[in-house]
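One letter stands for each residue in the lines below.
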Amino acid sequence: MRRSIEAAISLGVEWLTLYAFSSENWRRSTAEVLDLTGLLRHFLRSEIAELNSAGVRLRIIGDRTRFDRDIQGDLVQASAIPPAIPG
């Protein structure tokens, strides 16, 4: 995901849509769902501040209600952070 975002920034792409967790992922085994949501949690907690400092703003689309409450909170917090103006 990081490489895609960095490439989009360097190419001047203004809008980039990435699927972090599609509805089909809920049909996976419990272990796989836990692994995937763990990756989402890690991204939100470790990468979003740096992306915002590069002027990236996160907008969440789709249904968040099936995620654990801590991830729902992380999604709200990550999308509320205003991006910095690079320069």
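Residues numbered from 1 in each chain as written. Predicted model: local features only at pLDDT ≥ 70, side-chain atom pairs only at ≥ 80, totals over all residues. Heavy atoms only, no water.

## Quick word on the nonpolar core
- Counting twelve residues, the largest nonpolar core consists of Ile5, Phe21, Val33, Leu40, Phe43, Leu44, Ile48, Leu51, Phe67, Ile71, Leu75 and Ala78.
- Where this core is concerned, the elements lending two or more residues are helix H2 (30-46), helix H3 (48-53) and helix H4 (69-80).
- For this core, the element with the most residues is H2, which contributes four residues.
- Not counting residues within four places of it along the chain, the set of residues in contact with Phe67 comprises Phe21, Trp26, Thr37, Leu40, Gln72 and Leu75. (Core = buried A, V, L, I, M, F, W, Y, C linked by side-chain atoms within 4.5 Å. Buried < 20%, exposed > 50% of the residue type's maximum accessible area, 1.4 Å probe, protein only. Helix = DSSP H or I, 4+ residues; strand = E, 2+ residues; numbered from the N terminus. Contact = heavy atoms within 4.5 Å.)

## Points about the environment of Arg66
- Topologically, Arg66 is positioned in the loop between H3 and H4.
- For Arg66, a relative accessible area of 51% translates into the label exposed.
- Once the C-alpha coordinates of Arg66 and Ser29 are considered, the two residues, 37 residues apart in sequence, prove to be 15 Å apart.

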